[in-house]
Amino acid sequence: WALVGACALAHISTRSVRRCQLSRARAMAANAMRENASKNNLVRAREAVRRFPELKALCRKFVSRYEKRTEDEDPKFGFRKYKALLQKAVNQRVETIFIDLNDLEDFCKQEIMEPDDAIALATSIPKIQLQQSIENWIKDIEKNALRFTKYFYEACDAELPDRDGGFDADGSLAKDVIMKWRQNMLQQQRASGAEAGGLPLRLKNDFDVRFKPRDTCKSLKMRELRANCVGALVQLDCMVVRTSQVKPRVEVVTYHCEVCQAEIFHTVEGERFTPLKECPGQKCKDNKQAGKLRQNTRTSKFGKYQEIRVTEMSEHVPVGGVPRSMKVVLSGDIARSVLPGDAITLTGIYRPAELPWLQARSRGTMQDMYIDAHSIRKHKSGYNERAQDEEEIARQVDEAFKAGNLYEHAARSIAPEIFGHEDVKKALLLVLIGSFTKTMKDGMKIRGDIHTLFMGDPGVAKSQLLKQVCNIAPRSVYTTGKGSSGVGLTASVNRDNATGEVTLEGGALVLADMGICCIDEFDKMEESDRTAIHEVMEQQSVSLAKAGITTTLNCRTTVLAAANPQFGRYNPYKSPVENIDLPPALLSRFDLLFLLLDTIDVEKDKNLALHVCKVHSTFGGGDGGRKDNVTADDIYEFKAYDANFMRNYVRKAKTFEPLIDDELQRDIVAEYVNLREEEKGADRDSRKSYTTPRTLLAILRLSQAHARARFSDKVEREDFNEAIRMMKASKESVAQSKPVQKGVNPLDVVYDIIADLSRKETDTDGWLDISLVVSMAGHKALSPEHVTEAIENWEGLSVLLRNPEQTRVKFVVPVSG
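Residues numbered from 1 in each chain as written. Predicted model: local features only at pLDDT ≥ 70, side-chain atom pairs only at ≥ 80, totals over all residues. Heavy atoms only, no water.

Q: Let's hear about the overall build of the protein chain: which residues, and what values?
A: Broken down by element type, the protein chain carries 32 helices and 28 strands. A total of 817 residues make up the protein chain; the buried ones form 42% of that total. About 45300 Å² of surface is accessible on the protein chain, with carbon and sulfur atoms providing 51% of the total. (Helix = DSSP H or I, 4+ residues; strand = E, 2+ residues; numbered from the N terminus. Buried < 20%, exposed > 50% of the residue type's maximum accessible area, 1.4 Å probe, protein only. Areas by Shrake-Rupley, 256 points an atom, 1.4 Å probe, with all protein chains shown as cover.)

So, in structure tokens, the structure goes:
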């Protein structure tokens, strides 16, 4: 046994030695690979540094000579794009010179074919090397954007033209006086033989230089940022979640020495700087004096500085992951260009944040990163913003309006994949358009937003409709009732970790200011949290008194909510009040309350199934691909408008402010009184909503929104009829539920309408227009088909008589008063 044990120990020791040798060999191989990678990186860096002199000369040539053929030719510089931009910058018409990398790519293609002999001679390099430098120029810019920003700024300064007649003199008098004083001081120093330094470029010029990415540049995810992106130009798709105040940041500090009377300039490159203590002037150096420096704030250069917080898009977050966020710095004229809730494509330089020595020591090897923004493009332009293709889409909107039936077509274009729900989609279109806010002389405001609540059975596409509205609206926030609190909807008080200040952070309703807030699963929300939106829905503001902060935030938001009945599904054996189960104070704030029931209808169910099968058998793939030779027109049976067209249509409709016609006021008053009378006469179990004075305002808002949809400055009768029909049709599903019909027959409803109109119309020999009967029946949630069927039945019983053209109707025996 001893021999067996010794052999086993020897075998084990041999295996352990082999494992150690194998691990040592792997470690050596890994070290060799790292050394080779570092050597290759060092070689690439040295090659890039060698290309800097000729690339710096090419930057100036590009700024001075690049031509882009466009329709707008500059009268002074022709098609030289950047010379014309520099002229506008000198005249203080623009604040930023954007270097478009697409233009630079075209310039490189031209230069590779014919390299500049003067640049090759000045830099003492052969043409082949110059061609290689030009070929790698754009990649060098994208990998080292910070250095080339400086090169292009120097090139723009060297090619800067003089001011001309287009100079904007507003607010520049003080700057001109200071610049003349500095030039006189420099001339005096040169005359006395003293060394005179030049002015810093940031102090001399009032413009910035930034890069615009190429069209072929791929947008990265926030999780794809790596170490090789540091200092490079990156492009991200992200969502703005927080913005700070815009503050002044010093760019050039000027000092005045009281001993030698010299003006000292200190350029600040980073986020922090150490003030100068000794005068670097030549006179103080000769006299071996420290001098006495006094900082002159009036002659220093400051720029706008804003910090925002962005988070990655929801579709970029992996399963089970948490969205990542990053700090972004906005400077110059791109500050205040975004608001919380905007989805943007951000282009900027990925940089490490500079920390004071003590903080950097405590942080250790961890490094904070941020993006210095160069270009921002919003995914959805607002109603008050100009898009690049605005003129083309505006022309398409005008053509669609001239073709007619734009209101019906636009309503059907909202979620065309969803079958039916014509009235619901019309209501969503009116919600997007809305009315206009009225401000009285005494300061009282009457809101123009149309709040809407969808209450219905599961599976009627409530959530999908809300998502489609978020896709169309430029400013929109989507949230759910169970995942939202009262503070998350309104505003919260937070303490800033950097400054220690107590700040307010807006919730979903504040982020959707001048937009739409979609709240799904509204019935799952806690009652205490639901009461937080009462003030928002009517007063359009959020009042806070927390942590010593007492303020009121603007919250001009349209609330679009979806909920299920109390019992999960609508119980037809319960009253509508018991099914809805929401407090009257909240229900009265909704202008429209749609009750969507999943009723059984063989023909409707068949058409629905055919439509769904057609959509699923045609579309496929994760990228939204479809079968060959099949268009969306074949599926939807009409050409649906895209979201960009809908936004421009809504933008134009919002420019109208229609007023109520005087002749229509009496009809509106009569209809409102009739609604109140019907509610008074009905029992509590059959009541579907609460008619209050807010209902009258809702009728006015819906009428004005429909007039806006027609591009009209006047509310006419058809707008009022559509508003009343919309309010009646919103409860149509409940009326179709058999247990709650309680014996109401459409034939009797049409008979009563014709009888009432016959008693009022005494000058037409009893003849009535069928269109008027259809309009009045629409107020009772009856379709034109119902009216035609009822008239035919009464005509078959010899009660009614129609004219040969089938346009008028009257009683065979006149009804008595």
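Q: Report on the sheet that holds strand β20 (residues 558–563), specifying residues and quantitative values.
A: The pairing of strands in a sheet comes from backbone hydrogen bonds and takes either a parallel or an antiparallel form. Strand order in the open sheet made by the five strands is β14-β17-β20-β13-β21, with parallel pairing throughout. Across the chains shown, the open sheet's two edge strands, defined by having one partner strand only, are β14 (476–480) and β21 (592–596). Each adjacent strand pair in this sheet contributes to an overall mean axis angle of 15°, direction not counted. The pairing of β14 with strand β17 (residues 516–520) spans five bridges and is parallel. By the bridge assignment, Ser476 is partnered in β17 with Ile516. Against the sheet, helix α16 (residues 462–472) engages β13 (452–456), β14, β17, β20 and β21, with an angle of about 160° to β17. (Pairing = 2+ DSSP bridges. Axes fitted to C-alpha atoms, helices over the stretch in contact; angles between N-to-C directions. Contact = heavy atoms within 4.5 Å.)

Q: Run through helix α32 (residues 784–796), naming residues and quoting values.
A: Spanning 13 residues, α32 covers 18 Å between terminal C-alpha atoms, matching the ideal 18 Å at 1.5 Å per step. If you check which residues of α32 are buried, you get Val787, Ala790, Ile791 and Trp794. For α32, the arc enclosing every buried residue in end-on projection is 100°, short of the 170-degree limit, so these residues lie on one face. Turned more than 90 degrees away from the buried face of α32, the exposed residues are Glu785 and Gly796. Looking one or two residues beyond α32, the residue adopting positive phi is Ser798, at roughly 60°. (Expected span 1.5 Å × (residues − 1). Arc of directions from axis to C-beta.)

Q: I'd like a description of the sheet that holds strand β27 (residues 800–802), backed by residues and values.
A: If you walk across this open sheet you meet the three strands as β26-β28-β27, and the pairing is antiparallel. Both edges of this open sheet fall to β26 (768–769) and β27, since each of them pairs with a single strand only. Sheet analysis places β27 next to strand β28 (residues 808–811), joined by three bridges and oriented antiparallel. Opposite Leu800, over in β28, you have Phe811 as the bridge partner. Contacts between helix α30 (residues 746–760) and the sheet are confined to β26, β27 and β28, with β28 contributing the most and set at about 85° to the helix. Packing against the sheet, α32 makes contact with β27 and β28, and its axis sits at approximately 110° to β27.

Q: Describe unusual backbone geometry, and please don't skip the residues or the numbers.
A: Residue Lys288 is not a glycine yet carries a positive backbone phi of 55°. Note that Lys288 resides in the loop between α11 (282–286) and β6 (293–295). Of the residues examined, Lys288 reaches a relative accessible area of 77% and is grouped as exposed. Here the phi dihedral of Ser798 falls at roughly 60°; this positive angle occurs in a residue that is not glycine. Structurally, Ser798 is set in the loop between α32 and β27.

Q: How would you explain a nonpolar patch on the surface if you had to name every residue and give the values?
A: A surface patch of nonpolar side chains, amounting to about 260 Å² of accessible area, comprises Leu801, Val812 and Val813. Within the secondary structure, Val813 sits in the segment after β28. Exposure remark for Val813: the relative accessible area of 62% places this residue in the exposed category. (Patch = residues over 30% accessible without salt bridge, like charges linked within 9 Å, V, L, I, M, F, W, Y side chains within 5 Å. Salt bridge = Lys/Arg side-chain N within 4 Å of Asp/Glu carboxyl O.)

Q: Describe the side chain of Arg223, listing the residues and the values that go with them.
A: Considering the arrangement of structural elements, one finds Arg223 in the loop between β2 (208–212) and β3 (233–243). Looking at Arg223, its side chain comes within polar contact range of the main-chain oxygen of Val322, at 2.7 Å. Aside from chain neighbours lying at most four places away, what touches Arg223 is Glu312, His316, Val317, Pro318, Gly321, Val322, Pro323 and Arg324. (Polar contact = N/O pair within 3.5 Å; in protein donor to acceptor, adjacent residues only side chain to side chain.)

Q: Describe the pattern of salt bridges, naming the residues involved and giving the relevant values.
A: For the structure on display, the rule yields 34 salt bridges. One salt bridge connects Lys81 with Asp103, and the closest N-O pair in it is separated by 2.6 Å. Here the residue Lys81 occupies a position in helix α3 (residues 81–90), and Asp103 occupies one in helix α4 (residues 101–113), the gap between them amounting to 22 residues. When the shortest N-O distance is used, the salt bridge between Arg717 and Asp667 registers 2.5 Å. In this pair, Arg717 is assigned in helix α28 (residues 717–729) and Asp667 in helix α26 (residues 662–681), connecting sequence segments 50 residues apart. In this structure Arg717 comes out as partly exposed when scored by relative accessible area, which is 44%.

Q: Quick rundown of the packing of helix α2 (residues 52–65) against α4? Include the residues and the values.
A: When two helices pack together, you describe them by how their axes are tilted relative to each other and by the distance separating the axes. Between α2 and α4, whose axes approach to 11 Å, the crossing angle comes to 110°. The orientation of α2 with respect to α4, classified from their angle, is roughly perpendicular. Contacts from Leu58, Lys61 and Phe62 of α2 reach α4 at Asp103, Leu104, Phe107 and Glu111. Classifying every residue of the contact of α2 with α4 by side-chain character gives four nonpolar, no polar and three charged. (Parallel < 35°, antiparallel > 145°, perpendicular 65-115°, else oblique. Nonpolar A, V, L, I, M, F, W, Y, C, P; charged D, E, K, R; others polar.)

Q: So what's going on with the state of the cysteines? Which residues, and what values?
A: For the coordinates displayed, the defined rule picks out zero disulfides. No disulfide involves Cys108; its nearest neighbouring cysteine sulfur is the one of Cys59, lying 9.7 Å away. Cys108 gets classed as buried once you look at its relative accessible area, which sits at 5%. Looking at Cys284, it has no disulfide partner, and the nearest cysteine sulfur is the one in Cys260, 3.5 Å off. The exposure class of Cys284 is buried, given its relative accessible area of 0%. (Disulfide = S-S within 2.5 Å.)

Q: Break down helix α8 (residues 145–158) for me, citing the residues and quoting the values.
A: The end-to-end C-alpha distance of α8, which contains 14 residues, comes to 20 Å, matching closely the 20 Å that a straight helix rising 1.5 Å per residue would cover. Turning to α8, its buried residues number three or more, namely Ala145, Phe148, Thr149, Tyr151, Phe152, Tyr153, Ala155, Cys156 and Asp157.

Q: How would you explain the nonpolar core if you had to name every residue and give the values?
A: Counting residues in hydrophobic clusters, the biggest one holds 56 residues, and the most contacted among them are Leu429, Leu432, Phe454, Ile516, Leu560, Phe594 and Tyr649. Excluding its chain neighbours within four sequence positions, the residues that come into contact with Ile516 are Val431, Leu432, Val469, Ala473, Arg475, Ser476, Val477, Thr557, Thr558 and Leu560. Counting residues in each nonpolar core, the second largest holds 36 residues, with Cys59, Phe62, Val63 and Leu130 among its members. (Core = buried A, V, L, I, M, F, W, Y, C linked by side-chain atoms within 4.5 Å.)

Q: How would you sum up the side chain of Ser588? Please name residues and give values.
A: Mapped onto the fold, Ser588 is located in the loop between α22 (584–587) and β21. Judged by its relative accessible area of 11%, Ser588 is buried. Here the side chain of Ser588 touches Arg694 through a polar contact of 2.9 Å, side chain to side chain. If we ignore the near neighbours within four places in the chain, the residues touching Ser588 are Thr692 and Arg694.

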